[in-house]
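Each chain is listed here by its residues.
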Amino acid sequence: MKNTKQTPSAPNFVPLMITRRCNLHCLHCSASQEQFLRKDMTTNELLSTIDELAAYKVFRIALTGGEPLIHPDFFVLANAVTKHPMRLQINTNATLVTSKVVDNLKQLRRPPFISVSLDGITAETYNRIRGQGSFIHMKRGIKRLTAAGLNVRPFVVLSRLNYQELPQIIEFANSLGVRQVTLSTPAACGRAIRYEKEMSLEPDLHRKILETVLAIDSSNPTLLDGPWLDLARLYHTMKEGKLQERKTSGMSNNCNGAWTKAAIASDGTVAPCDMAFTCRAGNVRDTSFIKIWRDSPVFIAIRKARGMPLSQVHGCENCSWHYICFGPCPAGNYSRTSIWPSSSPGCKVRATCNLVCNGTNRLIKEIIS
Ligand code: SF4
Ligand code: SF4
């Protein structure tokens with residue numbers, strides 16, 4: 001199979017999972033032990049991978065896990081990223097952030113961007129999602145990071161389990177002086193598949209979250225980002241009857257996986273996204289990353305599917321919302337279908353649109369044409 005002419009020479013962004021180990025056991029974790037086929041890479045293998053990504057001018061690397069701060073050579077790896085002209089992101093639960101960790105972070109050549117999971121503002125909710133005793137350590141860790149002036153962005157996976165604490169989470173984030181909070185939806189991958197029901201939302205709860213997000217967004221329009229903000233703005237536009245403003249080509253091009261992004265798992269597996277490590281394109285222990293990026297049949301097939309009409313996308317065929325939609329996040333359904341792209345039965349774009357109106361695809365095409 002030949003690669004396409006337009007293929008970017010390398011991804012802009014690579015989440016690099018440096019360990020599968022974690023000190024917590026979160027319900028919505030996108031990783032699960034079963035998905036890893038081999039042992040974790042050694043520090044030397046990770047360093048070679050970082051050097052290769054730098055050689056191909058990858059712009060940003062996220063060190064992820066598991067919990068990346070659990071890795072005994074975390075700062076060797078973080079320093080290796082910052083010695084290159086690349087941005088460093090760290091995805092952490094913050095529970096292992098000591099004063100020493102903060103000092104080491106401040107000594108990196110360039111300040112990292114730190115994404116901290118913040119899934120509740122009471123010990124009861126947070127510990128239920130992330131495990132007993134974790135809340136107090138997270139709170140102390142995030143306070144240490146922000147007090148040191150590090151660039152922290154709270155990352156909230158909003159679901160039935162924690163939606164009622166969103167205003168207090170935002171209050172806490174404001175008190176720390178953070179500039180942005182990401183509101184994410186849970187994806188059915190990894191361990192989260194087992195807890196899908198616990199995190200699901202019936203229409204009334206879905207609407208409640210959208211309205212809470214809209215209220216926060218209208219009082220502070222630069223604070224939020226992430227999928228819940230996109231959904232809330234879509235809901236608002238629809239309620240205002242301004243469908244025309246949302247007109248799309250009706251093609252699937254929402255996902256950057258294998259296009260400007262690729263992820264590397266701790267066992268060396270290369271995938272289009274860190275939410276989809278079971279979509280295996282190759283392994284950096286066997287083949288160079290750049291060869292996988294350019295020539296892997298899995299990546300070539302994903303690129304070919306970019307721009308596919310939504311009427312042909314698995315799970316989207318009979319949906320009414322093709323002409324205001326950019327297509328699904330394929331990770332949410334890949335583990336069930338092994339089809340990329342495909343939409344899940346619980347698609348939140350469709351659920352949001354259906355809250356406002358039950359149109360037909362033909363009717364909606366007419367309204368916005
Ligand atoms: S099912 Fe979801 S992703 Fe697919 S067209 Fe409908 S709204 Fe878009
Ligand atoms: S699979 Fe989903 S989360 Fe991953 S890059 Fe694509 S749209 Fe984003």
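Residues numbered from 1 in each chain as written. Chains lettered and ligands numbered in written order. Predicted model: local features only at pLDDT ≥ 70, side-chain atom pairs only at ≥ 80, totals over all residues.

Q: Go over the pairing of strand S3 (residues 87-92) with me, naming the residues and quoting the values.
A: Burial within S3 is extensive, with five of its six residues counted as buried. Read from strand S2 (residues 60-64) through helix H2 (residues 74-82) to S3, the crossover connection turns out right-handed. Summarising the sheet, S3 and strand S4 (residues 113-117) pair through four bridges and their orientation is parallel. Counterpart to glutamine 89 in the pairing with S4 is phenylalanine 113. As for the winding sense of the linkage, the β-α-β connection from S3 through helix H3 (residues 99-106) to S4 is right-handed. (Buried ≥ 20, exposed ≤ 12 C-beta atoms within 10 Å, placed from the backbone. Helix = DSSP H or I, 4+ residues; strand = E, 2+ residues; numbered from the N terminus. Right-handed = clockwise from strand over helix to strand, strands pointing away. Pairing = 2+ DSSP bridges.)

Q: So what about the nonpolar core? Which residues, and what values?
A: If you look at the biggest cluster of nonpolar residues, it comprises 96 residues, and the most contacted ones within it are Ile61, Leu77, Val213 and Ala271. The dominant element in this core, judged by the number of residues it contributes, is helix H9 (residues 227-239), at six residues. Dropping the residues within four chain positions of it, valine 213 is found in contact with Leu183, Leu224, Trp228, Leu229 and Ala232. (Core = buried A, V, L, I, M, F, W, Y, C linked by C-beta atoms within 7 Å. Contact = placed C-beta atoms within 7 Å.)

Q: Describe helix H5 (residues 134-147), and please don't skip the residues or the numbers.
A: Taking 1.5 Å per residue, 14 residues should reach 20 Å; H5 reaches 20 Å between its end C-alpha atoms and fits that length. Within H5, burial applies to Ser134, Phe135, Met138, Gly141, Ile142 and Leu145. Seen end-on, H5 carries its buried residues on one side only, within an arc spanning 130°. Exposed side of H5, more than 90 degrees from the buried face: Ile136 and Ala147 are the residues found there. Along its buried surface, H5 packs onto H3, S4, helix H4 (123-130), strand S5 (151-157) and helix H6 (166-176). At the C-terminal side of H5, glycine 149 shows a positive phi close to 80°. (Expected span 1.5 Å × (residues − 1). Arc of directions from axis to C-beta.)

Q: Give me the lowdown on the site of ligand 2, citing residues and values where you can.
A: Ligand 2 sits among Asn254, Cys255, Asn256, Gly257, Lys261, Cys273, Met275, Ala276, Cys329, Pro330 and Ala331. For the shell around ligand 2, the residue count by class is seven nonpolar, three polar and one charged. (Near = placed C-beta within 6 Å. Nonpolar A, V, L, I, M, F, W, Y, C, P; charged D, E, K, R; others polar.)

Q: Talk me through the packing of H4 against H5; I want residue IDs and the actual numbers.
A: Relative to each other, H4 and H5 sit at 105°, their axes nearing to 8 Å. When the interaxial angle is binned, H4 and H5 end up roughly perpendicular. Residues Ala123, Tyr126, Asn127 and Arg130 of H4 lie in contact with H5, whose contacting residues are Ser134, Phe135, Ile136 and Met138. For the contact of H4 with H5, the residue count by class is five nonpolar, two polar and one charged. (Axes fitted to C-alpha atoms, helices over the stretch in contact; angles between N-to-C directions. Parallel < 35°, antiparallel > 145°, perpendicular 65-115°, else oblique.)

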